Every structure is written in structure tokens, then in C-alpha cells.
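Here is how the chains run, residue by residue.
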Amino acid sequence: MHFGHWAIWLAIVLGGTSHAAPPFEDSIAQRTLACTSCHGAMGRAGPDGYYPRIAGKPAGYLYNQLVNLRDGRRHYPLMTGLLAPLSDAYLLEMAQYFAKLDLPYAAPLASPVGTEVLQRGKTLALLGDGAGKIPACASCHGAALTGVAPNVPGLLGLPRDYLIAQLGGWRTGQRHAHAPDCMADVSKRLAPGDITAVTSWLAAQAVPANAKPAASAPPAAPSEIKLTCGSATVSASVGPHASSTVLPDPASPVARGAYLARAGNCLACHTTSDGAPYAGGRRIDTPFGAVYSSNLTPDRATGIGTWSAGDFWNALHHGRAKDGRLLYPVFPYTSYTQVSRADADALHVYLMSLPAVARPNTPHTLRWPYSTQAALAAWRAVYFSAADFKPVAGQSAEWNRGAYLVQGLGHCSACHAARNALGASSPFDLGGGLIPLQNWYAPSLTTPHEAGVAHWDIADIVALFKTGSSRRGTVIGPMADVVLGSTQYLSNEDLTAVAVFLKALPQSAAPATPAVPPALRPAANATASRPASPGAKLYERHCAQCHGEQGQGVPGAYAPLDGNRAVNLASSANLAQIVMFGGFAPATAGNPRPFGMPPFLLVLDDSSIATLLTHVRSAWGNHAAPVSELEVSQLRARTRP
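The rules behind each value
Residues numbered from 1 in each chain as written. Predicted model: local features only at pLDDT ≥ 70, side-chain atom pairs only at ≥ 80, totals over all residues. Heavy atoms only, no water. Helix = DSSP H or I, 4+ residues; strand = E, 2+ residues; numbered from the N terminus. Contact = heavy atoms within 4.5 Å. Areas by Shrake-Rupley, 256 points an atom, 1.4 Å probe, with all protein chains shown as cover. Expected span 1.5 Å × (residues − 1). Buried < 20%, exposed > 50% of the residue type's maximum accessible area, 1.4 Å probe, protein only. Pairing = 2+ DSSP bridges. Core = buried A, V, L, I, M, F, W, Y, C linked by side-chain atoms within 4.5 Å. Phe/Tyr/Trp six-rings, centres within 6.5 Å; stacked < 30°, edge-to-face > 60°. Lys NZ or Arg CZ within 6 Å of the ring centre and 35° of its normal. Patch = residues over 30% accessible without salt bridge, like charges linked within 9 Å, V, L, I, M, F, W, Y side chains within 5 Å. Salt bridge = Lys/Arg side-chain N within 4 Å of Asp/Glu carboxyl O. Axes fitted to C-alpha atoms, helices over the stretch in contact; angles between N-to-C directions. Parallel < 35°, antiparallel > 145°, perpendicular 65-115°, else oblique. Left-handed = near helix turned anticlockwise from the far one by under 90°. Nonpolar A, V, L, I, M, F, W, Y, C, P; charged D, E, K, R; others polar.

1. With respect to the overall build of the protein chain
Move 1: Broken down by element type, the protein chain carries 26 helices and nine strands.
Move 2: In the protein chain, the share of contacts with a sequence separation of at least 24, taken over all contacts with a separation of at least 6, comes to 70%.
Move 3: Total accessible area on the protein chain is roughly 27900 Å²; 59% of this is exposed by carbon and sulfur atoms.

Written out as C-alpha cells, the structure is:
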């Protein structure tokens, strides 16, 4: 029932191609194409009236918003998912790139409101409202309302719908910032009519010829309004998004425990997007209800400050809390039971060295009878028994170390194994499975046509886990989180051991026949004069710029699609996910500036996505089954970006 962090989506290169690569220049503009599908060419804003212009905004402001979106202070799931694998340094580089763009603005649209409403909006924007204690927009956003460097954005040239949505986000708490969170205060003082007025007036104003942000804040105007605003600069993040992690003396027990916590990716589940590390509270949805991760800091009242090393070992090995309660196997003790006592003790030492955070644990919301200890005891009687890891005789020490990491601390089977109706799976099963409620398919590690690596070089496997990218493939989706927060920090010796174990897994036979009917495959000798199919036209418009006219990709940047194992999986879930929601490979020390895939969720409807995917899965050398509109619709309905 652990559904979070070891799924893998591999863009695998199965062989060379004779097709010429598309025109390509490795630049920050190329690397940020994932941004411009919504925000318009070069960040100039799209025509839909919702996504804002980002070109020319102050770099500090753009950086703060990217970090806020990634870390949960600003709520827009599509952006959060896109930015989740990226580091502070990469987000800053993106912000600086868009800030330097100096592009002309489009003429404002005619306002839908009357003169009296516009006059009220002008007053609020330029003078404020002393009676309502509402400061003028110009008091922070500059006299020309074009922003103030480095952190305050301009308000002109933005669509009215976007401005209304952002003020609504501030009012409802869907958007917030580090203190002073002034916009939350200001927005709550605005009446609904005032929001209509000020956003309508701002959207109706032409942007001046010199639209660059002011170099400094304007002098305070004489006013009885004492409220002041200003964006606080966001400091570097902790946890998986930091570009580097400073650990204690590697010879210390604390450092050993910190390393093991990375190997188990404990931070990923036991930290909320905007919370203190290891303080718990992350919601983990299951088919039986929601479970909330516990506080692992040494707070004596709400954390594990009173737990002994033996208590902690009992939780890992036997799945029991200090008070004797049976733990839900969302905490993957079905795998952790193989963790050695020495490693469990080192983990306990590390966790007890953390700052204590007083954060009460959130009660689970599981449905009856799954919420009862009796039901959990019955489940354990059938599906769980404590077991030490036993090295396999005849295998090398390296192979056994890899087996220990994969089957125990790494809990790879939590995603790469099929589950029965009660959520049970085997820690020794790596045959692939759909991750419940996430709707990513974790491909089989025992099948050469899915994610088996028996034919890979050890160096390529190590590179994939260390950097997120290698000659043979790139990780994206849930596996990007694993590389970002866990495997990139493992030693080369441990990653080599994992590679040795995975290479040695028995591989199943190839499928007997292609899944796509021959009639649906494009003719191999199709000529330029032959009318392009609807799917081919969609591909040419949205995909060929990066992936090439013949799906050949660009080495090191964009995955080839011809003969790609991920494209040809029996399940089309991963391909549909990446087309709808986009994504980046993780920004790691070895690959700090990954290329991204733009989201097409709001650009293509379900029928178009199905048509596009069917083309990709049957073109060139691919032979996968067609994708129906119903499949895409069901996936869209079940999936949260």
C-alpha cells in the first residue's frame, strides 16, 4: 500500500537512427520551451487571457514565484508537478532569462465595465482607499505600475481574468508568500466590486514604451495608510531541491544514518511541500482512504523523541509503533523488515539529531473496516511476516548488496510490483504494475521490452540513477523524484551494486506479435505527396520541433520516439501522462539543467491526444496498440497533475 516514489518512466534508446536530427541549439531558450506552451512564445503570454506574461518581469519576482509554486506556497498543481524536480539554481537561471527579454506588449482589450467602475479602479490603483486601509497599487508596484526590481512585478499588460484569479488566490489562501504576506492582507480588504474595478482598470491600460521595472521603490506618498508591502526574497530550499547537501563528518553515526535516510528516500514521504524536513503531514492517497505520514523529528510530544533505538527497530522490522499499534503498510515495513539492526540504529541516531519540530500527526481518513486494527491484523496474518535479509550463497558480495538495497531500504517493489485487491505485493516482485491513484505504470524490471537493463552497461545504469540521464534513457515522472531526493546521493559503489543486481534479474521472453493491427501502421514507403493523417499533423505541429520529423530525437536533450520502449509499452498511461502534464528530468549535480516537456493538458482535447498518441505508437518502427479517446478521458479524470 505504499504508492509514492519508485515508479519509473524510461525514455529508452533502442538503437541508432539514420534520420538527421532537427535543428538544435543548446540554449536556455531551448531548455525553457516547456514554459512557453502556456505562457506564449518567449514568455510573451498566450491568447487565452489566463496565463500571464513572464517576459520582462523582475528576476527576483519570477524566481520567488517559481519556488513558491514548486514548494506549495502558491497552488497550481500543473506548475507544481512541472517544477518539482528542479533545483533553486536552475529556477533562478530560468527567471533571469525571462527577465532579460524585452518584447513589445499587445494592445489592451476594451474593458467590459462602465466609466464609473473604471474610475474607482484608477483611484485604488494610484491613490488607494484610506477609509478601507487599502494602499495604492503604485505604492509597491511602482509609479508607472511596471514593477520594482528585483522582486515586485508590474501589473500592466496582464489579462483581467488572470488578475482576478490571483487576487482570489490571495483571499482564499491558495496563494501565500513569506512574511510580510502583504497581498493576502490587501486582497481581503478589497470588496468584490473593488476587485472588479481595479483589475478592469489595470487590464485596460496601455503599457508605456519603457516598461522595465523601476530600479528602486517609490518614495512613500503622504497618506494615513500605514500598510506597506514588498516581496521577501526566498532563501535556498532544503531537502531534495537543494543543489547540494552538506552532511556531517562522514565517519560519524549521524552521517551514516543521513546516508541511509537518503537511500530509503524517507524525506519524500515524511515532509510536506512547504513543511519542515521529516515533520510529517504529507497526505498519501490509497484505494482505501488517505494516510498521513508521521513526524519523525525528536519532538517528545508529537514526534519520536521518546522512542528508543529498539522502538524504532520494532517499527521497521515488525511494523509496530512504540505503543504497540500495528502500522499501516503505506509505511513500507514489508520491505524495511529486511533492513539490518545496525542500519536501523544508524537511522535512529540521525533522526534524533534533527531539530525537534512540534507538529501533531494528522489522523488518517481510511474507510471502515480498513481503519480498524482488527482488519490490519488479518491483512498482516496473510501478507506479512518479519524477515531478516539473508545473503544468497553463490552470489557475489556486490550482488547481495544490490539485492539488500533494492528489496529492503530502496523498497523498489512498492511501485514496480502488481498489487492485489487488498493492496498486497511481494518485495521480491519487480514485474511492473500500475501505481494506484497516481496512474503511472511502473514498468517491469524483468522484461527487456519494458525497463529491464540486462543488456545495459553497468556505467549506463549507474549514470541513470546518479544523474537522471544516461546514453540509454532518461527518467521523468515519479522516478525523477526518486533520483532527485535519493539515488543521486548514493555512492558509486552502492549504485554499482544495484546495477549488478538489476542486470542479473531473469528476463521474460519477447511478445510474440505486435499489438497494433497492420492496417493502422503508416506505410513504410509513404511519400511526401501522400496526405498526412490527423495524428501526423498533430505531431508535426506540436512535437516535431523537438523530437524530429521521424521521431529521431536529439541525443542528450529530447528522447527518440522511434523504437522507444516507453512509447511501445502495452499500457499507454505513461505516454498520456507526459503529454498531458509535461515534465522535466531531475536537476541533479550531474545534470543540473535538464530539458523539459511542455504540458498539453489545456492545449489538446482528449480526442486529439488519443489521435496523437496513436500516431506516435504506430509510426516509424513502433508497433503498439492504438489509444482511444475513452482511455485518455478516464486518465484525465482520475489523475491530479
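2. Remarks on helix α17 (residues 397-409)
Move 1: Here α17 contains 13 residues, and its C-alpha end-to-end distance of 17 Å stays within 8% of the 18 Å for a straight helix at 1.5 Å per residue.
Move 2: Taken across its 13 residues, α17 has 10 buried, putting it largely inside the fold.
Move 3: The elements touched by buried residues of α17 are α11 (253-263), α14 (333-336), α15 (341-352) and α21 (492-503).
Move 4: One or two steps after α17, the chain reaches histidine 411, where phi turns positive at roughly 35°.

3. Brief notes about the sheet that holds strand β2 (residues 289-292)
Move 1: Across the sheet, three strands lie side by side as β1-β2-β3; this open sheet has antiparallel pairing. Looking at the sheet topology across the chains shown, the edges are occupied by β1 (283-286) and β3 (365-366).
Move 2: Direction of pairing for β2 relative to β3: antiparallel, over a ladder of two bridges. In the strand pairing of β3, alanine 290 is matched with threonine 365.

4. A short note on the nonpolar core
Move 1: Core analysis: the biggest nonpolar cluster contains 65 residues, and Tyr278, Leu351, Phe501 and Leu502 have the highest contact counts within it.
Move 2: At six residues, the largest contribution of residues to this core is made by α17.
Move 3: Setting aside its immediate chain neighbours within four residues, phenylalanine 501 contacts Trp399, Gly402, Ala403, Val406, Gln407 and Leu430.
Move 4: Counting 26 residues, the second-largest nonpolar core is a separate cluster that includes Val567, Phe581, Leu604 and Ala610.

5. Describing the environment of alanine 414
Move 1: Along the chain, alanine 414 turns up in helix α18 (residues 413-416).
Move 2: For alanine 414, a relative accessible area of 6% corresponds to the buried category.
Move 3: Taking the C-alpha atoms as reference, alanine 414 lies 9.7 Å from alanine 442; in sequence the two are 28 residues apart.

6. As for the side chain of threonine 32
Move 1: As for its position among the elements, threonine 32 is in the loop between α1 (28-31) and α2 (33-39).
Move 2: The exposure class of threonine 32 is buried, given its relative accessible area of 1%.
Move 3: Once residues within four sequence positions are removed from consideration, threonine 32 is found in contact with Met94, Tyr97 and Phe98.

7. Re the environment of alanine 197
Move 1: Tracing the sequence through the fold places alanine 197 in helix α10 (residues 192-204).
Move 2: Using a relative accessible area of 1% as the deciding quantity, one classes alanine 197 as buried.
Move 3: Between the alpha carbons of alanine 197 and glycine 121 there is a distance of 4.3 Å; along the sequence they are 76 residues apart.
Move 4: The residues contacting alanine 197, other than those within four sequence positions of it, are Val117, Arg120 and Gly121.

8. Section: the packing of aromatic side chains
Move 1: On inspection of all chains with the given rule, the structure shows 12 aromatic pairs.
Move 2: Here the aromatic rings of tyrosine 539 and tryptophan 620 are separated by 5.2 Å at their centres, their planes lie at 65°, and the arrangement is edge-to-face. One end of the pair, tyrosine 539, is in helix α22 (residues 534-542); the other, tryptophan 620, is in the loop between α25 (606-618) and α26 (629-638), and 81 residues separate them in sequence.
Move 3: Accessibility expressed as a relative area gives 3% for tyrosine 539, which makes it buried.
Move 4: For the cation-ring pair, arginine 53 lies above tyrosine 105, with the distance from its terminal atom to the ring centre recorded as 3.5 Å.
Move 5: Geometry around tyrosine 489 places arginine 262 over its ring, the cationic atom sitting 3.9 Å from the centre.

9. Thoughts on helix α20 (residues 478-485)
Move 1: Counting buried residues along α20, seven of its eight residues qualify, which places the element largely inside the surrounding structure.
Move 2: Where α20 is buried, its residues contact α11, α19 (458-467) and β8 (583-584).

10. So, a nonpolar patch on the surface
Move 1: Together, Tyr370, Val382, Tyr383 and Leu422 give the surface a local cluster of nonpolar side chains, amounting to about 350 Å² of exposed area.
Move 2: With respect to the secondary-structure elements, valine 382 resides in helix α16 (residues 373-383).

11. What about the packing of α19 against α21?
Move 1: The interhelical angle for the contact between α19 and α21, taken along N-to-C directions, is 120°, at an axis separation of 9 Å. By the angle between their axes, α19 is oblique relative to α21. In terms of crossing hand, the pair formed by α19 and α21 is right-handed. Residues Ile458, Ile461, Val462, Phe465 and Lys466 of α19 touch α21, and the partners they reach there are Asn492, Leu495, Thr496, Val498, Ala499, Val500, Leu502 and Lys503.
Move 2: In the contact of α19 with α21, the residues fall into nine nonpolar, two polar and two charged.

12. Some points on the packing of helix α6 (residues 115-126) against α10
When two helices pack together, their arrangement is given by the angle between the helix axes and by the axis-to-axis distance.
Move 1: Viewed as axis vectors pointing N to C, α6 and α10 meet at an angle of 85°, and their least axial separation amounts to 7 Å. What the angle tells us is that α6 and α10 run roughly perpendicular. Across the interface between the two elements, Val117, Leu118, Arg120, Gly121, Lys122, Leu124, Ala125 and Leu126 of α6 pack against Asp194, Ala197, Val198, Ser200, Trp201 and Leu202 of α10.
Move 2: Within the contact of α6 with α10, the residues separate by chemical class into nine nonpolar, two polar and three charged.

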